[in-house]
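Coordinate analysis (summary)
Residues per chain, in single letters:
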Amino acid sequence: MTAARAPAHRGRRRALLPLVGLTLAVGLLLHHLDLSAVGRALAGVDPQPLTAAAALVTLGLGLASMRLAAYLRAADQPRALRRCAQAVCAGCVLNVVLPARGGDLAKALMLRRRGDEPLTPLIGAALLERLGDLQLLLLIGAAGAFALGRPRQAALVGAAALAPPLVLLVLRSDAVARRLGRLRPLADAAAGSLRRPHQLLLGLALSGLFWLLLVIVVALLLRACGGPPLDDATLQHVAAATPLAILIGTLPLSIAGIGTRDAAFVALLAPLATAEVLAAVALLYTVLTYALPALIGAAALGAGEVRALRRRLRRGDATGEGAVDGAGAARSS
């Protein structure tokens, strides 16, 4: 194989893996579930908690825009909130259209002020945002496990939550930054963000609110599908399980986490409902957190802007394949 063909071959393999994972995960779920029971759970959905969950997801788009603005200011790349909202919409749309590598690079393209502005600082800010999301998800999971009386699980998940801030500290080292190659933007963003701790803390706080909203969304979907009431015990179970299910869904083993995240919800929330009810919850979660934001984003941006962004992503724009790969790696963190 020639050197020119090797990158294309690797790219095809990377694109094929999520499709294979999606097929296997969905196949296993279908094999173990009673589809008629899943259909009954979906047909009997209570519209009131479902509507409340959809409203919270829509509110989450606003929180995501404010969160992005805070991380951009922390990375010394300030942008207007309106521009950040457009970037969030672009990310939502492209995560569905090009699930393997779309969202964060789409954000960077929307945030760029002019065509020749370097994208690397903006990609670095997006990667910084992903680190913050990872830390807050783990902290919520640790708090939920502790509330359920699982101190060992809480300690393990809480210890894992220390990794993102440690990464930021390590990335401040010039020696480390010089060796990072494609991840150099993250080192630069990390160094800048620690000079603006108030903006970094604001971003972390908004990340926490965003993921807490999604925990409540899952609890509402459980109730909508005939699950337990929204009491403290239910919320504690959901808080302990949802972050882990979301993290499993971000692994590059499927498309948009379909199948892998669903299986995680079924396994982790098993004490609360039957597998078929939980499968219905997972399906509704995918619709509300992927399809609904994508529809809102497409409506806000317009079809022309979406097509233009997709073309720029497919050809790597001016950033080269490395920047595209970096954006894809950010989504899997």
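As a convention, each chain's residues are numbered from 1 in the sequence order in which they are written. For a predicted model such as this one, the threshold for reporting local features is a pLDDT of at least 70, and the threshold for listing and counting side-chain atom pairs is 80 or more; totals across whole chains, interfaces and linings nevertheless cover every residue. The basis for every side-chain value is the complete set of heavy atoms in the structure, and neither hydrogens nor water enter the calculation.

So, about the overall build of the chain. Numbering of helices and strands runs from the N terminus; a helix is a DSSP stretch of H or I covering at least four residues, while a strand is a stretch of E covering at least two. Secondary structure assignment for the chain yields 16 helices and zero strands. Residues counted as buried form 50% of the 333 residues belonging to the chain. Contacts: residue pairs with any heavy atoms within 4.5 Å of one another. Sequence separation of 24 or more characterises 75% of the internal contacts of the chain that already satisfy a separation of 6 or more. Type-normalised accessible area, obtained with a 1.4 Å probe on protein chains alone, sets the label of each residue: buried when under 20%, exposed when over 50%, and partly exposed for intermediate values.

Now for the environment of Ala-37. Summarising the element assignment, Ala-37 is placed in helix 2 (residues 35-43). Exposure remark for Ala-37: the relative accessible area of 16% places this residue in the buried category.

This paragraph deals with the nonpolar core. In these notes, a set of buried Ala, Val, Leu, Ile, Met, Phe, Trp, Tyr and Cys residues joined through side-chain atoms within 4.5 Å is what counts as a nonpolar core. Residues Trp-211, Leu-221, Val-238 and Leu-269 are the most contacted members of the largest nonpolar core, which totals 91 residues. The greatest single-element share of this core, amounting to 15 residues, is contributed by helix 11 (residues 197-224). Not counting residues up to four positions away in its chain, the partners in contact with Trp-211 are Arg-67, Asp-133, Leu-136, Leu-137, Ile-140 and Ile-246.

We now examine the environment of Cys-84. Structurally, Cys-84 can be placed in helix 4 (residues 81-97). Under the relative-accessibility criterion, Cys-84 is labelled buried at 0%.

Time to look at the confidence of the model for the chain. pLDDT measures how confident the predictor is about each residue, on a scale from 0 to 100. The predicted model of the chain averages 80 in pLDDT, with 76% of residues at 70 or higher. Note on residues 318-333: pLDDT is under 50 here. Beyond four places in sequence and across chains, it has 31 contacts.

Ring pairs are drawn from Phe, Tyr and Trp, using the six-membered ring of Trp, whenever the two centres fall within 6.5 Å, and their geometry is named by plane angle: stacked under 30 degrees, edge-to-face over 60, tilted for the rest. Per the counting criterion, the structure on display carries two aromatic pairs. Where Phe-210 meets Trp-211, the ring centres are 4.9 Å apart and the plane angle is 85 degrees; that geometry is what we call edge-to-face. A relative accessible area of 15% means that Phe-210 is categorised as buried. Of the residues examined, Trp-211 reaches a relative accessible area of 11% and is grouped as buried. Summarising the aromatic geometry, the rings of Phe-265 and Tyr-285 are spaced 5.4 Å apart at their centres and angled 65 degrees between planes, so their arrangement reads as edge-to-face. Taken as a pair, Phe-265 in helix 13 (residues 260-268) and Tyr-285 in helix 14 (residues 275-301) lie far apart in primary sequence, 20 residues in all. Its relative accessible area of 3% is what places Tyr-285 among the buried residues. The residue whose ring lies beneath Arg-67 is Phe-210, and the NZ or CZ to ring-centre distance is 4.5 Å. Cation placement over rings: the criterion is NZ of Lys or CZ of Arg within 6 Å of the ring centroid and within 35° of the ring normal.

Quick look at unusual backbone geometry now. Of note, the phi angle at Asp-76 is positive, near 60 degrees, even though the residue is not glycine. Tracing the backbone through its elements, the reader meets Asp-76 in the loop between helix 3 (47-74) and helix 4.

Let us now look at the packing of helix 12 (residues 232-250) against helix 13. Convention adopted: a line fitted to C-alpha atoms gives each axis, helices being fitted over their contacting stretch, and angles between N-to-C directions are expressed from 0 to 180 degrees. It is the contact of helix 12 with helix 13, at a shortest axis distance of 8 Å, that shows an interaxial angle of 155 degrees. Regarding the angle of helix 12 to helix 13, the classification is roughly antiparallel. Between helix 12 and helix 13 lies a crossing whose hand is right-handed. Side by side, helix 12 and helix 13 meet where Ala-241, Thr-242, Leu-244, Ala-245, Ile-248 and Gly-249 of the first sit next to Thr-260, Arg-261, Ala-264, Phe-265 and Leu-268 of the second. Each residue gets one label: Ala, Val, Leu, Ile, Met, Phe, Trp, Tyr, Cys and Pro are nonpolar, Asp, Glu, Lys and Arg are charged, and the others, such as Gly, are polar. Classifying every residue of the contact of helix 12 with helix 13 by side-chain character gives seven nonpolar, three polar and one charged. Any angle that falls under 35 degrees is termed roughly parallel, while one over 145 is termed roughly antiparallel, one within 65 to 115 roughly perpendicular, and all others oblique. Each crossing gets its hand from how the near helix is turned against the far one by less than a right angle, where anticlockwise is left-handed and clockwise is right-handed.

Moving on, we come to the pattern of salt bridges. Pairing between side chains becomes possible if they bear opposite charge and their charged atoms approach one another. Whenever Lys or Arg places a side-chain nitrogen within 4 Å of a carboxyl oxygen from Asp or Glu, that contact is recorded as a salt bridge. Considering all chains together, one arrives at six salt bridges under this definition. A salt bridge links Asp-133 to Arg-67; the shortest N-O distance between them is 2.9 Å. Here Arg-67 lies in helix 3 and Asp-133 lies in helix 6 (residues 120-147), a separation of 66 residues in the sequence. Look at Arg-67 and you get buried, because its relative accessible area is 5%. Residue Arg-130 is joined to Glu-129 by a salt bridge in which the shortest nitrogen-to-oxygen separation is 3.9 Å. For Arg-130, a relative accessible area of 15% corresponds to the buried category. Using a relative accessible area of 0% as the deciding quantity, one classes Glu-129 as buried. Taken together, the salt bridges that share partners define one network made up of Arg-67, Lys-107, Glu-129, Arg-130 and Asp-133.

A separate point is the environment of Ala-143. With respect to the helices and strands, Ala-143 occurs in helix 6. Judged by relative accessible area, which is 47%, Ala-143 ranks as partly exposed. Separated by 97 residues in sequence, Ala-143 and Ala-240 have C-alpha atoms that sit 7.1 Å apart.

A patch consists of residues whose relative accessible area exceeds 30% and which take part in no salt bridge; residues with like charges are grouped when within 9 Å of each other, and nonpolar side chains (Val, Leu, Ile, Met, Phe, Trp, Tyr) when within 5 Å. Where accessible areas are quoted, they stem from the Shrake-Rupley method and a 1.4 Å probe; at the residue level, only the protein chains shown are allowed to cover. There is a patch of nonpolar side chains on the surface, built from Leu-162, Leu-166 and Leu-169 and spanning about 310 Å² of accessible area. For Leu-169, a relative accessible area of 51% corresponds to the exposed category.

Attention shifts here to the side chain of Glu-129. Relative to the helices and strands, Glu-129 is located in helix 6. Setting aside anything within four residues of it in sequence, one finds Glu-129 in contact with Ala-64, Arg-67, Leu-68, Tyr-71 and Lys-107.

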